[in-house]
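Fold and geometry: a report
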Amino acid sequence: MEVGSAETFRDEVVAYADTLWRSGGHAELHVWPGAVHGFDTLAPDAAVSRAAVTARQDWLRRLLG
């Protein structure tokens, strides 16, 4: 899961991840500093967007590894 720190639904996403963890589930959560909803689409060349894409690709590699 990922969410920007300036995202409207930030608290809900963090709470959902916390609920998964507390119930014994697994989740990976990234809260991207200063990011808003759709940040990676709005500013694909921004450092935070590039970092998010890299994190997604790394997660997928680990999952499919």
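Scroll up a little and you will see the structure.
Here the structure is a predicted model, which means the values were calculated and not measured. (Residues numbered from 1 in each chain as written. Predicted model: local features only at pLDDT ≥ 70, side-chain atom pairs only at ≥ 80, totals over all residues. Heavy atoms only, no water.)

Broken down by element type, the protein chain carries three helices and two strands. When the helices and strands of the protein chain are placed in sequence order, the string is β-α-β-α-α. The proportion of buried residues among the 65 residues of the protein chain is 17%. Across the protein chain, every contact between residues at least 6 apart in sequence was considered, and the portion connecting residues at least 24 apart equals 47%. Of the roughly 4600 Å² that the protein chain leaves accessible, carbon and sulfur atoms contribute 60%. Here the protein chain contributes 6 positive and 9 negative side-chain charges, whose respective centroids are spaced 5 Å apart. (Helix = DSSP H or I, 4+ residues; strand = E, 2+ residues; numbered from the N terminus. Buried < 20%, exposed > 50% of the residue type's maximum accessible area, 1.4 Å probe, protein only. Contact = heavy atoms within 4.5 Å. Areas by Shrake-Rupley, 256 points an atom, 1.4 Å probe, with all protein chains shown as cover. Lys, Arg positive; Asp, Glu negative; His and termini not counted. Charge placed at Lys NZ, Arg CZ, Asp CG, Glu CD.)

Turning next to the nonpolar core. Core analysis: the biggest nonpolar cluster contains five residues, these being Trp32, Ala35, Phe39, Ala52 and Ala55. Not counting residues up to four positions away in its chain, the partners in contact with Ala35 are Gly4, Ser5, Ala6 and Glu7. (Core = buried A, V, L, I, M, F, W, Y, C linked by side-chain atoms within 4.5 Å.)

All right, on to helix H3 (residues 47–64) then. Look at H3: 26 Å from first C-alpha to last across 18 residues, which is about the 26 Å you get at 1.5 Å a residue. Looking only at H3, the buried set comprises Ser49, Ala52 and Ala55. The buried residues of H3 occupy an angular sector of 120 degrees when projected down its axis, which confines them to one face. Seen from the open side of H3, the exposed residues pointing more than 90 degrees away from its buried face are Ala47, Arg61, Arg62 and Leu64. In this structure, the buried residues of H3 make contact with strand E1 (2–4), strand E2 (30–32) and helix H2 (39–42). (Expected span 1.5 Å × (residues − 1). Arc of directions from axis to C-beta.)

All right, on to a nonpolar patch on the surface then. Together, Trp59, Leu60, Leu63 and Leu64 make up an exposed nonpolar region whose accessible area comes to about 440 Å². Mapped onto the secondary structure, Trp59 falls in helix H3. (Patch = residues over 30% accessible without salt bridge, like charges linked within 9 Å, V, L, I, M, F, W, Y side chains within 5 Å. Salt bridge = Lys/Arg side-chain N within 4 Å of Asp/Glu carboxyl O.)

This brings us to the environment of Trp59. Owing to a relative accessible area of 41%, Trp59 belongs among the partly exposed residues under this scheme. Placed 31 residues apart in sequence, Trp59 and Glu28 show a C-alpha to C-alpha distance of 8.6 Å.

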